[in-house]
Amino acid sequence: MANKSAVITVDGKQVEMNVRSGSIGPEVIDIGSLYKNTGTFTYDPGFTSTASCESKITYIDGDEGVLLHRGYPIEQLAEHGDFLEVCYLLLYGELPTAAQKKDFDHRVTMHTMVHEQMSRFFTGFRRDAHPMAVMCGTVGALSAFYHDSTDITDPHQRMVASLRMIAKMPTIAAMAYKYHIGQPFVYPKNDLDYASNFLRMCFAVPCEEYVVNPVLARAMDRIFILHADHEQNASTSTVRLAGSSGANPFACIAAGIACLWGPAHGGANEAALNMLAEIGSVDRIPEYVAKAKDKNDPFRLMGFGHRVYKNYDPRAKIMQKTTHEVLGELGHRDDPLLEVAMELERIALTDEYFIEKKLYPNIDFYSGITLKALGFPTTMFTVLFALARTVGWIAQWNEMIEDPQQRIGRPRQLYTGEPQRDYVPTSKR
Ligand code: SDX
């Protein structure tokens, strides 16, 4: 393809820059030489028009509501695959053969335990500490235990660290939950699949055998698939930026967890459920829709809107189906929160304001109802999001480390502060 270029004129001086095409999606203007040639920066604080990297892992078409992982549509992966198969795909770029999948499952299973001294980290927290605070702290501490997989220049160590993170996040998440509710930790069992193992570590008690409900385990596994990766979202960009300094993978994932916690991002599932509970009944929906539209009111409909999706979030549709399956299995079909959610969705999708601003339900809108039905408190919702997103963060971190163009991320700024001025002695202020 003939080289395309873009020309920008600054103070009468024309500068030509390369336009690069990807395999699908928008082209990019390579502005790397802009400052050198014009002395000016670009300005895009929310990165709404800025590509931070080249990637082959995930592609989103926000207008069409398309989400691909290594080219495979999320609908097909959620329907036919399991979470560890999606982990393999995100990490290695191809779907595994039966033998590769068996080996990968075994390697992950063999890393599910955490160092016994990790349990002492939990006892340092108050029981009512938010599980996300506990997860931030304990995941960051993993680098204190696994010095043999923190040399990021060694591909083998990077892969060991990757498997350790994928394998240990369910164990750490379950420990955070058990500590939160005052119950003893439950060790992983190697004869259970990933989602079943996690449900058992969360809900089993020493007093009786815990039998995993296969319908709920499948739903949990599908929820993990839906949250696995999502291009350069805020928390993934955080992991990449932290990793660009050469920080170890455990510290980078802890940084991603901290960013995900925000209610505008991964904290939205907890906020969305709290919002549905606050609305409480269908007749109060108009009052909250009016608040969401009121420019002077900071209230937003949690679980609605997205920086990229200006159509339905494809994950939300699959999440909605999973919600009905779980509520049906548990006999909560008439859950009042579901009734409020479905009516709120109907109203929002027909309201001029939401149509004009292209605000559709995102993945967080239905996930909270499902997770509540599965037995998790709202404080655990973002922990589960972090558990699932760890594979996306790790895959993107590996891709960043292996990128020959990779340099430390160091944005510039538009300075609007005071020009240089001299120090004034206290007596003269
Ligand atoms: C996730 O990036 C990812 O990929 C994230 C994620 C992932 O998998 O990693 O998909 C996960 O974070 C999903 C999003 C979860 N967050 C929420 O549900 C919180 C509620 N949503 C909003 O906070 C908001 O929609 C964002 C943060 C998701 C997107 O914000 P943008 O792109 O910066 O959009 P914006 O805030 O500029 O809003 C555009 C307009 C504004 O009105 P105007 O100033 O143009 O008049 O739409 C309005 C906003 O006021 N708006 C909303 C709204 N979201 C946007 N109005 C009411 N309710 C909302 N939810």
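By the naming in an unreviewed UniProt entry, the protein chain goes by Citrate synthase and is assigned to Xaviernesmea oryzae. Under the heading Catalytic activity (unreviewed entry), UniProt records this for the protein chain: "oxaloacetate + acetyl-CoA + H2O = citrate + CoA + H(+)". Recorded in UniProt for the protein chain, the comment headed Sequence similarities (unreviewed entry) runs: "Belongs to the citrate synthase family."

Topic: the overall build of the protein chain
Helix and strand content of the protein chain: 18 helices and six strands. Its C-alpha radius of gyration of 23 Å places the protein chain within 12% of the 22 Å reference for a compact globule of 429 residues. Seen through its C-alpha atoms, the protein chain measures out along the principal axes to roughly 75 × 70 × 55 Å. Looking at the protein chain as a whole, 48% of its 429 residues are labelled buried. Look at the contacts in the protein chain between residues 6 or more apart in sequence, and 71% of them connect residues 24 or more apart. As presented, the protein chain carries roughly 21,600 Å² of accessible surface, and 53% of it is formed by carbon and sulfur atoms.

Side note on the site of the ligand
Within the structure, the ligand sits among 24 residues, and His230, Arg300, His306, Arg307 and Arg315 are positioned closest to it. In the environment of the ligand, an oxygen atom lies 3.0 Å from a nitrogen or oxygen atom belonging to the side chain of Lys357. Contact with the protein chains hides 78% of the accessible area of the ligand, taken as 1,100 Å² for the molecule alone. Classifying every residue of the shell around the ligand by side-chain character gives ten nonpolar, seven polar and seven charged.

Here's the deal with the packing of helix α14 (residues 314–330) against helix α15 (residues 336–350)
Each pair of packed helices can be described by the angle between their axes along with the distance between the axes. Put simply, α14 and α15 touch, their axes get as near as 12 Å, and they point 155° apart. Between α14 and α15, the crossing angle belongs to the class labelled roughly antiparallel. Of the two elements, α14 crosses α15, and the hand of that crossing is left-handed. Listed contacts from α15 to Gln320, Thr323, His324 and Leu327 of α14 are Leu338, Met342 and Glu345.

Some details on the state of the cysteines
Per the stated rule, a full pass over the model turns up zero disulfides. Not engaged in a disulfide, the cysteine Cys207 finds its nearest cysteine sulfur in Cys202; these two sulfurs lie 16 Å apart. According to the relative accessible area criterion, Cys207 is exposed, its value standing at 71%. In this structure Cys252 is not part of a disulfide, and its nearest cysteine sulfur, from Cys259, lies 13 Å away. Classification of Cys252 as buried rests on a relative accessible area of 0%.

Description of the packing of aromatic side chains
Under the defined criterion, the tally for this structure stands at 21 aromatic pairs. Grouping aromatic residues by their ring pairs yields a cluster made of Phe83, Tyr177, Tyr194, Phe198, Phe203, Phe224 and Phe376. Directly above the aromatic system of Tyr179 lies the positively charged group of Arg127, at a separation of 4.0 Å from the ring centroid.

Observations concerning the domain arrangement of the protein chain
Once the domains are mapped, the protein chain shows domain 1 (5–51) and domain 2 (70–405). Between the C-alpha centres of domain 1 and domain 2 there is a distance of 35 Å.

Notes on the sheet that holds strand β4 (residues 58–61)
Taken in spatial order, the three strands of this open sheet run β4-β5-β6, and their pairing is antiparallel. Because the sheet does not close on itself, it has two edges, and the strands there are β4 and β6 (72–73). Strand direction decides the pairing type here: strand β5 (residues 66–69) and β6, joined by two bridges, are antiparallel. Of the residues in β6, the one forming a bridge with Leu68 is Pro73.

Thoughts on helix α8 (residues 194–203)
Burial runs high along α8: nine of the ten residues are buried. Those residues of α8 that fall on the buried side of the exposure criterion are Tyr194, Ala195, Ser196, Asn197, Phe198, Leu199, Arg200, Met201 and Cys202. Its side-chain oxygen placed 3.1 Å from the backbone nitrogen of Ala195, Asp193 serves as the N-cap of α8.

What to know about the nonpolar core
Core analysis: the biggest nonpolar cluster contains 117 residues, and Val139, Phe198, Met220, Ile257, Leu344 and Phe376 have the highest contact counts within it. Among the elements that line this core, the one with the most residues is helix α18 (residues 381–402), at 14 residues. Ignoring any residue separated from it by four or fewer positions in sequence, one finds Phe376 in contact with Phe198, Leu199, Cys202, Phe203, Met220, Leu371, Phe381 and Leu384.

Notes on unusual backbone geometry
With phi around 55°, Phe47 is a residue other than glycine that occupies positive phi space. Along the polypeptide, Phe47 turns up in the loop between α1 (34–38) and β4. Non-glycine residue Glu231 carries a positive phi angle of around 55°. By the element assignment, Glu231 lies in the loop between α9 (214–226) and α10 (234–243).

Here we look at the layout of surface pockets
Roughly 300 Å³ of internal volume is contained in the second largest pocket. In terms of lining residues, the second largest pocket is bounded by 22 residues, among which Leu84, Leu192, Asp193, Tyr194 and Ala195 are the most central. Listing elements by their share of the lining of the second largest pocket, those giving two or more residues are α3 (83–92), α4 (98–109), α7 (155–181), α8 and α9. With five residues, α8 is the single largest residue contributor to the lining of the second largest pocket. Grouping the amino acids of the lining of the second largest pocket by side-chain chemistry returns ten nonpolar, five polar and seven charged.

Each value, and the rule that gives it
Residues numbered from 1 in each chain as written. Predicted model: local features only at pLDDT ≥ 70, side-chain atom pairs only at ≥ 80, totals over all residues. Heavy atoms only, no water. UniProt positions renumbered as here; feature names shortened; annotations may be inferred. Helix = DSSP H or I, 4+ residues; strand = E, 2+ residues; numbered from the N terminus. Rg over C-alpha atoms; globule rule 2.2 N^0.38 Å. Buried < 20%, exposed > 50% of the residue type's maximum accessible area, 1.4 Å probe, protein only. Contact = heavy atoms within 4.5 Å. Areas by Shrake-Rupley, 256 points an atom, 1.4 Å probe, with all protein chains shown as cover. Near = heavy atom within 4 Å. Polar contact = N/O pair within 3.5 Å; in protein donor to acceptor, adjacent residues only side chain to side chain. Nonpolar A, V, L, I, M, F, W, Y, C, P; charged D, E, K, R; others polar. Axes fitted to C-alpha atoms, helices over the stretch in contact; angles between N-to-C directions. Parallel < 35°, antiparallel > 145°, perpendicular 65-115°, else oblique. Left-handed = near helix turned anticlockwise from the far one by under 90°. Disulfide = S-S within 2.5 Å. Phe/Tyr/Trp six-rings, centres within 6.5 Å; stacked < 30°, edge-to-face > 60°. Lys NZ or Arg CZ within 6 Å of the ring centre and 35° of its normal. Domains from an automatic or database assignment. Pairing = 2+ DSSP bridges. Core = buried A, V, L, I, M, F, W, Y, C linked by side-chain atoms within 4.5 Å. 1 Å grid on protein atoms, 1.4 Å probe; cavity = no way out; pocket = protein on both sides within 12 Å on 5 of 7 lines; lining within 4 Å. Points joined across faces, edges and corners; volume = space filled by probe spheres on them.

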